[in-house]
Every structure is written in structure tokens, then in C-alpha cells.
Amino acid sequence: MIKVEAIVREERMEDVKDALRAIDVRGITVSQVMGCGTQLGYTHRVRGSKVAMNMLPKAKFEIVVSNEDWAEKTVDAIVHAAYTGEPGDGKVFWYPIDHAVRIRTGEKDIEAITPAPLPVVEEE
């Protein structure tokens, strides 16, 4: 199992969500966070004084996938959807996860992150 974390521009959040949905990635956690990287924020005037705004709003995605192939597809989708070509586009990190437990069922590891099949509805 692999955890993929991505920090992207807040305004690219919907594009990233759509890209992940398009490749059938489920189990996404999104948080609104503040941070800065190489762009170091910007200067803003407040009541006539310059104020450095070095912490910018970002969106953080956390996704756990079952294997390296899914990790590569997920990272590629995020990078493509979040790209603007300007400083501040963000970063993607991924690393191995040793264990997981689905609290509701007690399923462990791969079974815990694999979506359960949808119930079959019989037509009358």
C-alpha cells in the first residue's frame, strides 16, 4: 500500500478531484492548509503598511492506493490537473504504508482500502 499526499493551489482543488474521479480513485481526504514554498508568499497593503503574506492557502490531498501502478496513475493525474507552470503549483509525496484497518468491518491492509462492491439490486 502507498500513501500519496499532494499539496496544490487551492483554486486547482476541483480540477484535481475531477482528475482523480476520472481514473476511479476513491477514498480521498482533502484538507485546507496554509503554507509556502519557493514563491515565499506575496506583499499586501494593510491600512497603508506593507505586510508579508508568506503563508498561502493550499489544498492537501491524502490518498492510499493498493500498489505502485495505482500510485503512478494517481500522481500523474494530480500533476496534470494541478499544473499551471507558475511557482506555487505544489508538491506530491508518496511513501509506503505498512498497515490499515477499516474500523466498521475490521478488514485489514489491502482489504481495508479496497472499495466494497455495491449491493446488487434485483429488478422485479
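Residues numbered from 1 in each chain as written. Predicted model: local features only at pLDDT ≥ 70, side-chain atom pairs only at ≥ 80, totals over all residues. Heavy atoms only, no water.

Q: If you had to explain the overall build of the chain to someone new, which residues and values would you point to?
A: In terms of helices and strands, the chain carries 3 helices and 6 strands. When the helices and strands of the chain are read in sequence order from the N terminus, they spell out β-α-β-β-β-β-α-β-α. For the chain, the residues scored as buried account for 27% of the 124 residues in total. Expressed as a percentage of contacts within the chain between residues at least 6 apart in sequence, the contacts between residues at least 24 apart total 70%. Entry remark: accessible area of the chain is about 8900 Å², with carbon and sulfur atoms responsible for 54%. (Helix = DSSP H or I, 4+ residues; strand = E, 2+ residues; numbered from the N terminus. Buried < 20%, exposed > 50% of the residue type's maximum accessible area, 1.4 Å probe, protein only. Contact = heavy atoms within 4.5 Å. Areas by Shrake-Rupley, 256 points an atom, 1.4 Å probe, with all protein chains shown as cover.)

Q: So what's going on with the side chain of glutamate 5? Which residues, and what values?
A: Mapped onto the elements, glutamate 5 comes out in strand S1 (residues 2-9). A polar atom in the side chain of glutamate 5 sits 2.6 Å from the side chain of tyrosine 95. In this view, glutamate 5 contacts Lys60, Phe61, Glu62, Lys91, Val92, Phe93 and Tyr95; residues no more than four positions away in its chain are not counted. (Polar contact = N/O pair within 3.5 Å; in protein donor to acceptor, adjacent residues only side chain to side chain.)

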